[in-house]
Amino acid sequence: MYYTKKRRIKKGPIIVLAVIILVIILIVVGINLYNHYTSNEYRLSEAGYNEDEIKEILKFDEKYITYAIEHKYEDDFIPLLKEKYFLWKNYDKYIAYIDEEYGNKQVDYSKVVSLVNVGADSDPYTNTKKADMDKGYAILVNKYTSLPEKYAPDDIVEMSNWYAYPDNSIRQEVYDAFKEMSEAAKETGYTLIVNSSYRSYDEQKAIYDDYEDNRGKEYADTYAARPDFSEHQTGLSLDVFSPGANMSNFADTETFKWLSENCYKYGFILRYPEGKEEITGYNYEAWHYRYLGKELAKKVYESGLTYDEYYAYYLDK
Ligand SMILES: [Zn+2]
């Protein structure tokens, strides 16, 4: 009979090892829990967004994600941010406009963004501001943005009867550009003739007052701009027709077709397009062209935006 000494397993190191493993597990679980509860996904779900919405929000810039986390759920948040011309500085105005105009109706987010960007969530001639004259030929003048009081450009020149009906004048650079465009039109077989151009403060005031006296303020505001709010006072706008055409038929002419498609090459844009009346604040005017310079006119033309929208998104910094 022999005797083997029973090997005694030492328990000390095993306990130590078990404790270490347990601590590691706790740390890993703890980190995971911490990561989970501090993750954007978790915090967005706490704010009220569902899984699909969270995926959308996580594609946005950090500041928008933070906003969504810090605010309660807003069903307009994602569709607004996905709009091409969304401006963060206007976010609260978009929401206010939607609440006021749509209620429970289907929201047209593109329209909301356009209208708010140009200030048309206010009535015309309310919440007005002064035009930024440092923008030069790119200045914006509309029913929310006025020229400095009684503004008059200092380089106004008479237009020859070759290009305009009598008593028309315009800023020198605009005249040069119009002459170039007029010659190009002629070579293609079209004749352009200007019937309205620079209007001084006093002239614009006389037109507006006349409408107001005879037909009331609402009528006057529909058919004329108030003085200091008219693009004609900038000396950068021309009303262009073909000989014999008038306001009711110019849009149907071949001359108009050529002009509207080619004017940007000479620095002009069609300022009050069809279908954009709510944005520009003006009825469709096939004859009203605004000078911006060739480079900018091309960009605006290619954007397909009204100048009000283009300015609000790209230039109003
Ligand atoms: Zn005009």
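Residues numbered from 1 in each chain as written. Predicted model: local features only at pLDDT ≥ 70, side-chain atom pairs only at ≥ 80, totals over all residues. Heavy atoms only, no water.

## Examining the domain arrangement of the chain
The line we're drawing: Annotation comment: domain bounds sourced from an automatic or database domain assignment. Residues are treated as being in contact if the distance between any of their heavy atoms lies within 4.5 Å. Two parts placed together each lose some accessible area under a 1.4 Å probe, and the buried area is that loss summed for both. Put simply, a salt bridge is a Lys or Arg side-chain nitrogen that is within 4 Å of an Asp or Glu carboxyl oxygen. The term polar contact refers here to a pair of N or O atoms within 3.5 Å; inside protein, the definition further demands a hydrogen-donor-capable atom paired with an acceptor-capable atom, and it admits residues adjacent in sequence only when both atoms are side-chain atoms. For this scheme, ten residues count as nonpolar: Ala, Val, Leu, Ile, Met, Phe, Trp, Tyr, Cys and Pro. Four count as charged, namely Asp, Glu, Lys and Arg, and the remainder, Gly too, count as polar.
Each domain of the chain was delimited in the assignment, giving domain 1 (40-118) and domain 2 (129-315). Taking the mean C-alpha position of each, domain 1 and domain 2 sit 36 Å from one another. Domain 1 puts nine residues into the contact, and the matching count from domain 2 is 10 residues. When domain 1 packs against domain 2, close to 860 Å² is buried across both sides, 63% of that on carbon and sulfur atoms. Among the residues domain 1 hides against domain 2, the three largest losses belong to Tyr 85, Leu 115 and Val 118. Together they make up 59% of the total. Here Lys 111 makes a salt bridge to Glu 278, at a shortest N to O gap of 3.2 Å. In this assembly, domain 1 and domain 2 are joined by three residue pairs in polar contact (both at pLDDT 80 or more). A breakdown of the residues in the side of domain 1 that touches domain 2 according to their chemical character gives five nonpolar, two polar and two charged.

## Notes on the pattern of salt bridges
Operational definition: Secondary structure elements follow DSSP: runs of H or I no shorter than four residues count as helices, runs of E no shorter than two count as strands, and numbering proceeds from the N terminus. Burial status follows relative accessibility: with a 1.4 Å probe on protein chains alone, a residue under 20% of its type maximum counts as buried, one over 50% as exposed, and anything between as partly exposed.
Across all of its chains, the model carries 18 salt bridges by this definition. The salt bridge partner of Arg 271 is Glu 231, with a shortest N-O separation of 2.8 Å. You can see Arg 271 sitting in strand 7 (residues 268-272) and its partner Glu 231 sitting in the loop between helix 10 (217-223) and strand 6 (237-241), a full 40 residues away along the chain. Note on accessibility: Arg 271 and Glu 231 belong to one class, buried. Notably, a salt bridge pairs Glu 295 with Lys 299, separated by 3.9 Å at the nearest N-O pair. Placement of both Glu 295 and Lys 299 in helix 13 (residues 294-303) is noted, with a separation of four residues, approximately one turn of the helix. If you follow the salt bridges from partner to partner, you end up with Glu 231, Arg 271, Arg 290 and Asp 308 in one network.

## Observations regarding the packing of aromatic side chains
How two aromatic rings sit relative to each other is given by the distance of their centres and the angle of their planes. Let me state the cut-off plainly: Pairing of aromatic rings covers Phe, Tyr and Trp, the last through its six-membered ring, and needs centres within 6.5 Å; plane angles under 30 degrees mean stacked, over 60 mean edge-to-face, and all others mean tilted. In this scheme, Lys NZ or Arg CZ marks a charge over a ring once it lies within 6 Å of the ring centre and within 35 degrees of the ring normal.
Evaluation of the coordinates by the stated rule reveals 33 aromatic pairs. Ring centres of Tyr 67 and Tyr 91 lie 5.3 Å apart, and the angle between their planes is 75°; this geometry places the pair in the edge-to-face category. Here the residue Tyr 67 occupies a position in helix 4 (residues 62-70), and Tyr 91 occupies one in helix 6 (residues 91-101), the gap between them amounting to 24 residues. Tyr 91 carries the same exposure label as Tyr 67, and that label is buried. Taking the ring centre of Tyr 175 as reference, the NZ or CZ of Lys 179 above it sits at 4.2 Å.

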